[in-house]
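Analysis of the macromolecular model
Next come the chains, spelled out residue by residue.
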Amino acid sequence: MAEAHSAVAFSFSITHEGWDINYDREVLDLVWQSGVRSWKKRLARFRTGVRNGVYPAHLQSLWLVIAIAVGLHFTKRHVPFDLVNKWLSVLPGDTLQWQLTACSLAGLVVWLSICYTMRYSLKLLLMYKGWMYEKRAPGSKVSLQTRLWGLFVKILATWNKPGLYSFQGSLPRLPLPSVQDTMTRYLRSVRPLLDDTNYNRMERLAKEFQLGISTKLQRYLFLKSWWSTNYVSDWWEEYVYLRGRGALMVNSNFYGIDAIFMHPTKVQSARAASVVNLLLQFRRTVERQELEPILVQGLVPLCSWQYERIFNTVRAPGVETDKIIHYQDSNHIVVLYRGCYYKVIIYHNGRILRPCELQIQIEHILQQGAEKPQPGEELLASLTAGDRTKWAQVRQTVFAKGANRTSLHTVESAAFVLSLDEKPFEFDLAHPEKLDQFGRYLLHGNGHDRWFDKSFTVCVGSNGRIGFNAEHTWADAPVMAHVWEYIVAEEATNPRYDENGNTVGIPEFEPPTPKRLTWDLNDRVAQDAIEEAHIAAQKLLNDVDLRILVHDAYGKGLMKTCRLSPDAFIQMALQLAYYRDAGKFSLTYEASMTRLFREGRTETVRPCTIESAAWVKAMLDSNVSIEERVRLLNAACERHQLGYQDAMCGKGIDRHLFCLYVVSKYLEIDSPFLQEVLSEPWRLSTSQTPHGQTSKMDLKKHPNCISAGGGFGPVADDGYGVSYIVAGEDLIFFHISSKKSCGTTSSERFAQEICRALADMKYLFEEYRSLQKKKQSSAAIKSDKSEAK
């Protein structure tokens, strides 16, 4: 009963002497502070909502416009459209007060007209995508049209400092391509993968689809593109993510690694406290919309919609489909240590706890290492790693009431989960297997020390290195990369630890003791479900073959001297490596983003093209000259660049076909073409991790603060998942995953083929430059001889 009494703020009883009321001031104070914080956030959201609603106009400009209206009226000059007199005609009088009211209303109308004119002018400007196709190589000239466009965008978008969501109302909708254009692009993309017989068959299926049911499907999709904000994103989230019944661990969740050339402290509690504090600061900038939106080339805004769900978010399992639950606020995090769960309060008197105060709480948890998990508690998180339907059924029964429901809600409503690992996260160039193990710890841990349903779990090794495991439904990797970039940059630029490795600062008070969560998992159904999920998780994680390749022979510095896009350069290397590894070409997935449009997420670039296939074959043919190989490589990179630009501009292939397929399923119409296209396996799935998204990451001042990037599991059972980050002028990280159970793949072998391909490409350009110099020397000698004659 003591626990029950401590859980309430006050109690009362009736005696013969009257009311007897007992209350706990500390708990009531917590309730009061929570309410104050909630109302402050509501007011802040209202204020920023108004500000974003009128952007790019300035909210303060309203008073200027009203002042001008008052001045014009009282100097006997007409306000545009005689608005003051029109307002006076409907107001009850024409006294001074009513005249000022009429002037204010007239000024408001004029001001709103100006605001929306500016807003839709900016929207029209942002519809222009010609700048994407302009060459940016040294010596290239930008067209007059694009220069004028850039000038107008700069005038409208930068004179008033934007908030995080200021551009949302000005971003254009994702355009819907025509079926004919998509068919043309699709057939071109599969040509290098099919022989003549299969290509002719696919061409026939595409033609039948285009001339047949596509018209009806496109009509519905056209209606959706006009009615909804984005015709792809809601269906993509629902059918690709939420309705997936397979395990999130390895198959969906991804990970990110620490800045491995930095090791600011080896004290686990200090690093954990610092990172928690930085994450909460980042959350505050998102909530207050003080975070600057990302601008491409410092000019064109990207959609910030996904940032809303970074914190306080969970993917809750359902029998048929999961759902994303986002809590407006959370005053706690959940810490997972040695199979035990702890609730940690993160606010005091309306402010975020300082790192030194958080460190006290985390050290208290670490000191509880002798505590044993409750029955079933240690393996509990395995449920989030397993089959979604089974987890949903257990959730509806075992976690429907009592302590289980309360504790589960505490975990799911937390700002995020912090996992204090008992193993060190290590990196040593002389022992690459240590970095491989680092990646494995973050991708899946031991199968029950990550809460895979949460938007992200921060992982801190026993030696103070950090990483994260993120759920994929709520947002794409660049958003988490932005969060991680913030943490790395802050730790690199601001001193946060003393000479002993502890957090700097002196606690202002004794922070609240972390509260141990309680579970009742003695039920046979619960134990069987947890054990079954644990066995499935162990089978899945033990099948992962992960290799993290640190390529330091060269980086983007050499690629730039070749006058090629670093991304296109690496994608061509992957094509050459895959062909050597598998002996054939394969459908290749590269993720690009469509965040130039409102609520945009991703689109697929297909790097395996006719041009890339021709270059790969030329590299394997000793009879092809150096000049011809370079020419073919340039053509392949240009084609890849065009495909990437088309994808970013809403002219992709796969999202359009996906949405047509969804419509066909709703209409119960079978399409052999769509069924075949949507069932094609992505045996080579790739993604580039962005860095330097903001000005905070200054690699010239702090060259070691670049993260090693992150990775994901293989998409196909017989394929590879490859994530890479161009980490500087002379460094590239490749995160290569495959399955051990597949006899035809090997992450180590593929890593060696990538190194070989990159070495061959460097040698190719060195030989080409040598030949060019010889030709120039020969030409100069001939010229001198002819002049002598």
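Here the structure is a predicted model, which is why all the values come from computation and not from measurement.

**As for the overall build of the protein chain**
Across its full length, the protein chain carries 25 helices and 22 strands. Relative to the compact-globule value of 28 Å for 789 residues, the protein chain shows a C-alpha radius of gyration of 30 Å, a close match. When each of the 789 residues of the protein chain is scored for burial, the buried share is 53%. Long-range pairs, those at least 24 residues apart, make up 77% of the contacts in the protein chain with a sequence separation of at least 6. A total accessible area of about 36500 Å² is found for the protein chain, and carbon and sulfur atoms account for 55% of it. Where the 94 positive side-chain charges of the protein chain centre and where its 85 negative ones centre are 7 Å apart.

**Remarks on the side chain of K224**
With respect to the element layout, K224 can be found in helix α9 (residues 214–227). Taking relative accessible area as the criterion, K224 reaches 13% and is therefore assigned buried. A polar side-chain atom of K224 sits 2.9 Å from the main-chain carbonyl oxygen of Y231. Setting aside anything within four residues of it in sequence, one finds K224 in contact with N230, Y231, V232, D234 and W235.

**Points about the sheet that holds strand β20 (residues 710–711)**
Strand order in the open sheet formed by 8 strands is β15-β9-β8-β12-β13-β14-β3-β20, and the pairing between neighbours is mixed. Among the strands making up the open sheet, the edge pair consists of β15 (515–516) and β20. Contacting β8 (332–337), β12 (417–420), β13 (456–460) and β14 (466–470), helix α11 (residues 268–287) crosses the sheet at an angle of about 150 degrees to β13.

**Here we look at the pattern of salt bridges**
In total, this model carries 39 salt bridges according to the counting rule given. Across the salt bridge formed by D322 and R315, the nearest N and O atoms sit 2.7 Å from each other. A salt bridge links R351 to E508, with the nearest nitrogen and oxygen atoms 3.3 Å apart. Here R351, found in strand β11 (residues 351–352), pairs with E508, found in the loop between α17 (477–493) and β15; they are 157 residues apart in sequence, far enough to count as distant. Residue E508 is classed as exposed on the basis of its relative accessible area, which comes to 53%.

**Overview of the sheet that holds strand β18 (residues 602–605)**
One open sheet accounts for 6 strands, arranged β16-β22-β21-β19-β17-β18; its pairing is mixed. Both edges of this open sheet fall to β16 (544–551) and β18, since each of them pairs with a single strand only. Direction aside, the axes of adjacent strands within the sheet are offset by 20 degrees on average. In the sheet, strand β17 (residues 588–593) pairs with strand β19 (residues 684–688) via 3 bridges, with the strands oriented parallel. Bridging across to β19, Y589 finds its partner in S685. Contacting β17 and β18, helix α22 (residues 626–648) crosses the sheet at an angle of about 50 degrees to β17.

**Some details on the side chain of H73**
Within the secondary structure, H73 sits in helix α3 (residues 61–74). Sequence-distant contacts of H73, defined by excluding residues within four places in its chain, comprise V84, N85, L88, Q99 and C103.

**Things to note about the packing of aromatic side chains**
A complete count under the given rule lists 30 aromatic pairs for this structure. Plain terms: the ring middles of F254 and F468 are 6.1 Å apart, the flat faces sit at 85 degrees to each other, and that makes the pair edge-to-face. A residue pair is termed long-range when its members are at least 10 positions apart, and F254 in strand β3 (residues 254–257) and F468 in strand β14 qualify at 214 residues. Among the residues examined, F468 registers a relative accessible area of 4% and is labelled buried. Aromatic side chains F416 and F456 sit 5.2 Å apart centroid to centroid with 20 degrees between the ring planes, which places their arrangement in the stacked category. Of the two residues, F416 sits in the loop between α15 (402–412) and β12 while F456 sits in strand β13, which places them 40 residues apart along the sequence. Using a relative accessible area of 1% as the deciding quantity, one classes F456 as buried.

**Things to note about a nonpolar patch on the surface**
Taken together, the side chains of L144, L148, L151, F152 and I155 make up a nonpolar region of the molecular surface, amounting to roughly 480 Å² of accessible area. Along the polypeptide, L151 turns up in helix α6 (residues 144–158).

**Side note on the environment of D581**
Here D581 is to be found in helix α20 (residues 566–582). The spatial distance from the C-alpha of D581 to the C-alpha of Y120 is 52 Å, given a sequence separation of 461 residues.

**A word on α17**
For α17, which comprises 17 residues, the first-to-last C-alpha distance of 24 Å matches the rise-based estimate of 24 Å (1.5 Å per residue) to within 8%. Here α17 lies mainly inside the structure; 13 of its 17 residues are buried.

**Points about the nonpolar core**
The biggest cluster of nonpolar side chains holds 117 residues, and the ones touching the most others in it are Y307, F416, L418 and F673. In terms of residue count, the dominant contributor to this core is α11 (9 residues). Once residues lying within four places of it in the same chain are set aside, the contact partners of F416 are V276, L279, L280, F311, I333, V334, K454, F456 and V458. The next biggest cluster of nonpolar side chains, apart from the first, holds 45 residues, and it includes L576, C608, L633 and F765.

**A few points about the environment of I333**
With respect to the helices, strands and loops of the structure, I333 is situated in strand β8. For the pair I333 and Y220, spaced 113 residues apart in the sequence, the C-alpha separation amounts to 44 Å. Discounting chain neighbours no more than four positions away, the residues touching I333 are V276, Y342, K343, V344, I346, A414, A415, F416 and L418.

**Things to note about the confidence of the model for the protein chain**
Per-residue confidence for the protein chain gives a mean pLDDT of 89, with 92% of residues at or over 70. Long-range and interchain partners of residues 1–13, a stretch whose pLDDT sits below 50, account for 17 contacts in this model, where long-range means more than four residues apart.

**What to know about the environment of Q367**
Note on placement: Q367 falls in the loop between α12 (355–366) and α13 (382–385). Accessibility expressed as a relative area gives 60% for Q367, which makes it exposed. A sequence separation of 197 residues divides Q367 from S170, and the C-alpha atoms of the two residues are 52 Å apart.

**Section: the pairing of β17**
As judged from the 4 bridges shared by β17 and β18, these two strands associate in the antiparallel manner. Along β18, the bridge assignment pairs M593 with T602.

**Topic: the packing of helix α7 (residues 179–190) against helix α8 (residues 196–211)**
In contact at an axis separation of 11 Å, α7 and α8 are set at 170 degrees when each is read in the N-to-C sense. The pairing of α7 with α8 is recorded here as roughly antiparallel in orientation. Touching V179, Q180, M183, Y186 and L187 of α7 are Y199, M202, E203, A206, F209 and Q210, all from α8.

**Some words on the state of the cysteines**
Under the definition given, this model contains 0 disulfides. No disulfide involves C103; its sulfur sits 19 Å from that of C115, the nearest cysteine. Relative accessible area serves as the criterion here: at 0%, C103 is assigned to the buried category. Of the cysteine sulfurs around C303, a residue in no disulfide, the closest is that of C649, at 16 Å.

**Describing the pairing of β8**
Within β8, 6 of the 6 residues are buried, which leaves it mostly tucked inside the rest of the structure. Here β8 runs beside strand β9 (residues 340–345); their pairing, made up of 6 bridges, is antiparallel. Its bridge partner lying in β9, H332 is registered against I345. Joining the antiparallel neighbours β8 and β9 is a turn of 2 residues, in which R338 adopts a positive phi near 50 degrees. Pairing between β8 and β12: 3 bridges, direction parallel. The residue bridging V335 from the neighbouring strand is L418, located in β12.

Cut-off values and rules
Here the residue numbering is sequential within each chain, running from 1 through the sequence in written order. Local features are withheld for residues below a pLDDT of 70 in this predicted model, meaning they are given only at 70 or higher, and side-chain atom pairs are given and counted only at 80 or more; totals for whole chains, interfaces and linings count all residues. Remark: hydrogens and water are excluded; side-chain values derive from all non-hydrogen atoms of the structure. The way it works is that DSSP assigns letters per residue, a run of H or I at least four long becomes a helix, a run of E at least two long becomes a strand, and they are numbered from the N terminus. Put simply, the radius of gyration uses C-alpha atoms, and a globule should come to 2.2 Å times the residue count raised to 0.38. Remark: exposure states derive from per-residue accessible area (1.4 Å probe, protein chains only) relative to the maximum for the residue type, with buried under 20%, exposed over 50%, and partly exposed in between. We call two residues contacting when some pair of their heavy atoms lies within 4.5 Å. Working definition of accessibility: Shrake-Rupley area with a 1.4 Å probe, residue cover restricted to the visible protein chains. By the counting rule applied here, Lys and Arg register as positive and Asp and Glu as negative, while His and the ends of each chain are not counted. To locate a charge, take atom NZ for lysine, CZ for arginine, CG for aspartate or CD for glutamate. Pairing of N or O atoms within 3.5 Å defines a polar contact, subject to two protein rules: one partner must be a possible hydrogen donor and the other a possible acceptor, and residues neighboring in sequence count only if both atoms are side-chain atoms. A pair of strands counts as paired when DSSP detects no fewer than two bridges linking them. Lines are fitted to the C-alpha atoms to define the axes, a helix being fitted only along its stretch in contact, and any angle between axes, read from their N-to-C directions, falls within 0 to 180 degrees. We define a salt bridge as a side-chain nitrogen of Lys or Arg found within 4 Å of a carboxyl oxygen belonging to Asp or Glu. Any two rings among Phe, Tyr and Trp, with Trp reduced to its six-membered ring, count as a pair given centres within 6.5 Å; such a pair is stacked if its planes are under 30 degrees apart, edge-to-face if over 60, and tilted if neither. For patch building, the residue pool is restricted to those with more than 30% relative accessible area and no salt bridge; the joining distance is 9 Å between like charges and 5 Å between nonpolar side chains (Val, Leu, Ile, Met, Phe, Trp, Tyr). Multiply 1.5 Å by the residue count of a helix minus one, and that product is the helix's expected span. Definition of nonpolar core: a set of buried residues of the types Ala, Val, Leu, Ile, Met, Phe, Trp, Tyr and Cys, connected through side-chain atoms within 4.5 Å. Confidence of the predictor in every single residue is expressed as pLDDT, which spans 0 to 100. Throughout, the term roughly parallel applies to angles under 35 degrees, roughly antiparallel to angles over 145, roughly perpendicular to angles from 65 to 115, and oblique to all others. Note on disulfides: each one is a pair of cysteine sulfur atoms within 2.5 Å.

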